[in-house]
Amino acid sequence: MPRLLSILLVVYGIILALSGLAEVFMSKYVVDLIEPGTMNNSLRITAGLFGAVLISVGVWLVAAARDPYKHLSFVKLAITVCALNIVIAIYLIARDYAGFGGFVLTYIVVDLVFLIAFLLAYPWRVSR
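Numbers given to residues run from 1 along each chain, matching the order in which its sequence is written. Only residues with pLDDT of at least 70 are given local features in this predicted model, and only at 80 or more are side-chain atom pairs given and counted; all residues enter the totals for whole chains, interfaces and linings. The side-chain values count all of the structure's non-hydrogen atoms but skip hydrogen atoms and water molecules.

Concerning the packing of helix H1 (residues 2–25) against helix H3 (residues 41–64)
Consideration 1: To obtain each axis, a line is fitted to C-alpha atoms, and for helices this fit is confined to the stretch in contact; angles are then taken between N-to-C directions over 0 to 180 degrees. Under the DSSP-based scheme used, a helix requires at least four consecutive residues in state H or I and a strand at least two consecutive residues in state E, with every element numbered from the N terminus. The geometry of H1 relative to H3 is characterised by a closest axis approach of 7 Å and an angle of 160° between their N-to-C directions. Relative to H3, the element H1 lies roughly antiparallel. Both H1 and H3 take part in a crossing whose hand is left-handed. Of the residues in H3, those touching H1 at Leu 9, Val 10, Tyr 12, Gly 13, Ile 14, Leu 16, Ala 17, Ser 19, Gly 20, Leu 21, Glu 23 and Val 24 are Ala 47, Gly 48, Phe 50, Gly 51, Ala 52, Leu 54, Ile 55, Val 57, Gly 58, Leu 61, Val 62 and Ala 64.
Consideration 2: Across the contact of H1 with H3, the residue classes break down as 17 nonpolar, 6 polar and 1 charged. Roughly parallel means an angle under 35 degrees; roughly antiparallel, over 145; roughly perpendicular, 65 to 115; everything else is oblique. Working rule for handedness: look at the near helix, and if it is turned counterclockwise from the far one by less than a right angle, call the crossing left-handed; if clockwise, right-handed. The criterion used for residue contact is that any of the two residues' heavy atoms lie within 4.5 Å. Residues are grouped as follows: Ala, Val, Leu, Ile, Met, Phe, Trp, Tyr, Cys and Pro are nonpolar; Asp, Glu, Lys and Arg are charged; every other residue, Gly included, is polar.

Spelled out as structure tokens, the structure:
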């Protein structure tokens, strides 16, 4: 299980870091995937700050993958990020801030798959 947990942390960390880089350097394209034609300076600033958070979390998840049992707090962080991403995406759809299109649906599915995988690979007995 530690090997599976390490692989999950690396893959999810890379996905988060790449998503963060996209938020920083391609924010107009990312916003247009969610809601075309709504890009403004406030969204650019928000996307840049959000991208910085994604990059830093992604880097630390990859670093924690070297010894996931020693760094269980980062595994818990990954679980929390997955869960919150799903809840927030559903909230944005429910409030009609984002459409239930391909990008948002993919976002939900990817986080749901990782959430389930992290929960299954989590060392419940070791963490007590």
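That was the structure; now back to the text.
Let's talk about the nonpolar core
Consideration 1: Take the buried residues of types Ala, Val, Leu, Ile, Met, Phe, Trp, Tyr and Cys, join any two whose side-chain atoms come within 4.5 Å, and each joined set is a nonpolar core. Note on classification: 1.4 Å probe, protein chains only; a residue is buried when its accessible area is under 20% of the maximum for its type, exposed when over 50%, partly exposed between these limits. Ranked by size, the top nonpolar core spans 25 residues in total, and within it Leu 9, Tyr 12, Leu 16, Leu 61, Val 75 and Phe 118 carry the most contacts.
Consideration 2: Those elements that provide at least two residues to this core are H1, H3, helix H4 (72–94) and helix H5 (102–121).
Consideration 3: Ranked by residues supplied to this core, first place goes to H4 with 8 residues.
Consideration 4: Not counting chain neighbours up to four residues away, the residues in contact with Leu 61 comprise Leu 9, Tyr 12, Gly 13, Leu 16, Phe 74 and Ala 78.

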